[in-house]
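# Per-entry structural report
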Amino acid sequence: MANAALISRSLRRSDTLHRLLLLQARGFTTAECHRPVVLHKRGPDILHDPWFNRGTAFSMTERDRLGLRGLLPPNVVSSQQQIDRFMLDLKRLEQNARDGPSDTYPLAKWRILNRLHDRNETMYYKVLIDNIEEYAPIVYTPTVGAVCQNYSGLFRRPRGMYFSAEDRGEMMSMVYNWPADQVDMIVVTDGSRILGLGDLGVQGIGIAIGKLDLYVAAAGINPQRVLPVMIDVGTNNEKLLKDPLYLGLQEHRLEGEEYVEIIDEFMEAVFSRWPNVIVQFEDFQSKWAFRLLQRYRNTYRMFNDDVQGTAGVAIAGLLGAVRAQGRPMIDFPKQKIVVAGAGSAGIGVVNAASRTMARMLGNNDVAFESARSQFWIVDAHGLITEDRADIDPDARPFARRKSELAHQGLSEGASLVEVVKKVKPDVILGLSAVGGLFSKEVLEALKDSSSSRPAIFAMSNPTKNAECTPDEAFSILGEKVIFSSGSPFDDVDLGDGKIGHSNQGNNMYLFPGIGLGTLLSGARVISDGMLQAAAERLASYMKEEEVLQGIIYPPTSRIRDITKEVAAAVVREAVAEDLADGYRDMDARELARLSEVVYLYYPIQVYLGCCCTQWTSSSTVNEDILLVS
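It should be emphasised that the depicted structure is a prediction, and the values quoted were computed from it without experimental measurement.

This brings us to the nonpolar core. Judged by nonpolar contacts, the single largest core of 164 residues is most densely connected at Ile-186, Phe-266, Met-267, Val-279, Phe-281 and Phe-457. In this view, Met-267 contacts Val-279, Phe-281, Tyr-296, Tyr-300 and Met-302; residues no more than four positions away in its chain are not counted. Counting 28 residues, the second-largest nonpolar core is a separate cluster that includes Ile-456, Cys-468, Phe-474 and Ile-476.

Quick look at the pattern of salt bridges now. Applying the stated rule across the entire model yields 38 salt bridges. Between Asp-64 and Arg-69 there is a salt bridge, and its shortest N-O distance comes to 2.5 Å. When salt bridges with common partners are traced through the structure, they connect Glu-369, Arg-372, Arg-400, Arg-401 and Glu-404 into a single cluster.

Let us look at a negative patch on the surface. Among the surface-exposed residues, Asp-471, Glu-472, Asp-490 and Asp-491 lie close enough to one another that they form a single negatively charged patch. Tracing the chain through its elements places Asp-471 in helix α22 (residues 470–477).

If you trace the five strands from one edge of the open sheet to the other, you get β1-β3-β2-β4-β5, paired in parallel fashion. Two strands lie at the open edges of the sheet, namely β1 (161–164) and β5 (302–304), each paired on one side alone. The mean inter-strand angle of the sheet, taken between neighbouring strand axes irrespective of direction, is 20 degrees. As judged from the four bridges shared by strand β2 (residues 185–189) and strand β4 (residues 278–281), these two strands associate in the parallel manner.

Within the open sheet, the seven strands sit side by side as β8-β7-β6-β9-β10-β11-β14. Their pairing is mixed. Either end of the sheet is taken by a strand with one partner, and the two such strands are β8 (382–383) and β14 (502–504). Direction of pairing for strand β7 (residues 375–379) relative to β8: antiparallel, over a ladder of two bridges. Note on β8: the bridge partner recorded for Asp-379 is Gly-382. Together, β6 (337–340), β9 (427–430), β10 (455–458) and β11 (482–485) form the strand contacts of helix α16 (residues 305–324), whose direction differs from that of β10 by roughly 160 degrees.

Within the secondary structure, Ala-535 is located in helix α24 (residues 528–541). Each C-alpha atom of the pair Ala-535 and Val-570 lies 9.7 Å from the other, and the pair is 35 residues apart in sequence. Those residues in contact with Ala-535 that lie beyond four places of it in its chain are Gly-312, Ile-315, Ala-316 and Leu-510.

Here we take up the pairing of strand β3 (residues 226–232). Sheet faces and side chains relate simply in a regular strand, where the side chains alternate between the two faces. Across the seven residues that make up β3, a large majority, seven, are buried. Residues Val-226, Pro-228, Met-230 and Asp-232 of β3 are buried on one face, and the alternating residues Leu-227, Val-229 and Ile-231, pointing to the opposite face, are buried as well. Where β1 and β3 come together, four bridges link them in parallel fashion. Considered in β3, the bridge of Phe-163 is made with Ile-231. Pairing of β2 with β3 involves five bridges; the strand directions are parallel. The residue of β3 that forms the bridge with Thr-189 is Met-230. One crossover worth recording links β2 to the parallel β3 by way of helix α12 (residues 205–219), and it is right-handed.

The volume enclosed by the second largest pocket comes to roughly 500 Å³. Every residue lining the second largest pocket is counted, 29 residues in all, and those nearest its centre are Arg-193, Leu-195, Gly-196, Ala-345 and Leu-431. Among the elements of the structure, α16 and α17 (344–361) are those that each provide at least two residues to the lining of the second largest pocket. Examining the composition of the lining of the second largest pocket, we find that three residues originate from one element, α16, more than from any other.

Attention now goes to empty space enclosed by the protein. Throughout the structure, instances matching the rule amount to four cavities of 30 Å³ or more. There is about 180 Å³ of room inside the largest cavity. Residue lining of the largest cavity: 18 residues in total, with Trp-110, Asn-114, Tyr-151, Arg-159 and Ile-209 positioned closest to the centre. Broken down by secondary-structure element, the contributors of at least two residues to the lining of the largest cavity are α6 (105–119), α10 (151–154) and α12. If you tally residues by element for the lining of the largest cavity, the top one is α6, at five residues. Partitioned by chemical class, the residues of the lining of the largest cavity number nine nonpolar, four polar and five charged.

According to the stated counting rule, one finds 13 aromatic pairs in the structure shown. The interplanar angle of 75 degrees and the centroid separation of 6.2 Å between the aromatic rings of Phe-375 and Phe-398 together place this pair among those described as edge-to-face. Residue Phe-375 is located in strand β7, and its partner Phe-398 is located in the loop between β8 and α19 (402–408); the two are separated by 23 residues in the primary sequence. The exposure classification of Phe-375 matches that of Phe-398, with both residues buried. Put simply, the rings of Phe-271, Phe-281, Phe-284, Tyr-296 and Tyr-300 pair up and form one aromatic cluster. The ring centre of Phe-58 lies 5.7 Å from the NZ or CZ of Arg-54, which sits over that ring.

Rules behind the numbers
Residues numbered from 1 in each chain as written. Predicted model: local features only at pLDDT ≥ 70, side-chain atom pairs only at ≥ 80, totals over all residues. Heavy atoms only, no water. Core = buried A, V, L, I, M, F, W, Y, C linked by side-chain atoms within 4.5 Å. Buried < 20%, exposed > 50% of the residue type's maximum accessible area, 1.4 Å probe, protein only. Contact = heavy atoms within 4.5 Å. Salt bridge = Lys/Arg side-chain N within 4 Å of Asp/Glu carboxyl O. Patch = residues over 30% accessible without salt bridge, like charges linked within 9 Å, V, L, I, M, F, W, Y side chains within 5 Å. Areas by Shrake-Rupley, 256 points an atom, 1.4 Å probe, with all protein chains shown as cover. Lys, Arg positive; Asp, Glu negative; His and termini not counted. Charge placed at Lys NZ, Arg CZ, Asp CG, Glu CD. Helix = DSSP H or I, 4+ residues; strand = E, 2+ residues; numbered from the N terminus. Pairing = 2+ DSSP bridges. Axes fitted to C-alpha atoms, helices over the stretch in contact; angles between N-to-C directions. Right-handed = clockwise from strand over helix to strand, strands pointing away. 1 Å grid on protein atoms, 1.4 Å probe; cavity = no way out; pocket = protein on both sides within 12 Å on 5 of 7 lines; lining within 4 Å. Points joined across faces, edges and corners; volume = space filled by probe spheres on them. Nonpolar A, V, L, I, M, F, W, Y, C, P; charged D, E, K, R; others polar. Phe/Tyr/Trp six-rings, centres within 6.5 Å; stacked < 30°, edge-to-face > 60°. Lys NZ or Arg CZ within 6 Å of the ring centre and 35° of its normal.

Structure, rendered in structure tokens:
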């Protein structure tokens, strides 16, 4: 009894902490889920609004109150019955919904899912969440690449906002055209480098939509508080410039200060209306990705997923590869890594990985120099060295020095095969967007790796741009190789009951958790430490026995649990760096006092386990529908 009284007095010191701890005992139901939504719509307006439409699942009481009686068939069906019916139709239609020979089956699935998204958003996300392994590749990579390539023809109803070069001086007022008073997440692109498909102009908004679908499915962000954005500054894609059906500006891209002024105006406008929004930059071409990241990262809550998200996922995989070799992660600085690709993703990975190595070595000048020496970067012109003319400033710190080249037998412009033969790397990492770059000759050369268990990261998206396939890797290097790719591949049957595991090192393991952790912590900026904490948590997520089998990334089916863990790590780091301002009625001091247990449950309580029916007049919590109020 004395202990109970002591605990009770301690809990009263913080009403918020008290409430969160009681949350655990009540099965994780929060008061946030009970706030009713006031609708200023009735009748057909509700049925035509995918945010609130429930179709035949509206009860008779709701039909009377909302003016729907007579507008729907009389039989009331449950949400699960609706989903069962949809899934049955989907399986039947996916073979018949193709729009000509060029419309692939995955694209046909996307078309069917998109129609559901257009009419019933709640059911769409329920289907996506319950079937995440099957449909993540449809709403996201690799199918989203085909969606972007064909978006002008697929466009049926607007989703998101479009800011163009013709809107200069108007963006501050334009943001008020968006109906949501609160936006938590924006994914923005200028369409200049969509996946590995190049400049797709305004059609690139498909990638922003797909990313935000995963924010909802994996992190539980309220779909009414997400906003996909396209900044259309023209396109240099000659095919689109001549296409009469193209929906974007048919003029060449803005460059220089004119371009920067457009992005500046956009950032000022969205943060003026939604000061606490988080902006994720997506698929900007390399020459702008780094510049814009450095321009905004210390002022706004933003990050670049291609630079920082890809780097985090790669670091997690690289650390996992060290564990798979039976070595501790602290041995990571000993890894020799050949990187194919010197774009924003490739250099972003090298920068982040070298910082990780340096931190393990003591974070001093000697440590940074030692870390730098572990990377060999090969681009379209071969090995990057000090002798390279007009070397990219972002790649310069990692250019191999003359003093290093002599004893390695390498020179400026050496081919990828030469580099692999001479360096005998532990890892080859592809971020080149060149399908098949890891040829038979490259893979044969990797047989002489100094590691007993070399690792291949064929990270370019979509699938056709992967540097090699798992079949190619395992057929040449055998069962000991560790394989990972950016897009999904099936595992490889090696015979005798052995499986060659095909890991998917996709950014979706990190960016939802980074966004959720930033949101819940109220961090003013997204620091390198927060991103590092996210990557390290992903790296340590897999169990030892899984890693030793060559499984270094988790299955997509565990995405919500991964997101919870990553978000908790981000919150902890934000608090440790004194960047956290808190969330809603929980200030930074209360957040800092939370125990480890509450850290892990707070995000999943409020976001991943908090379910509410926004269109019902009752306060009943629907445990099946994942919408955060």
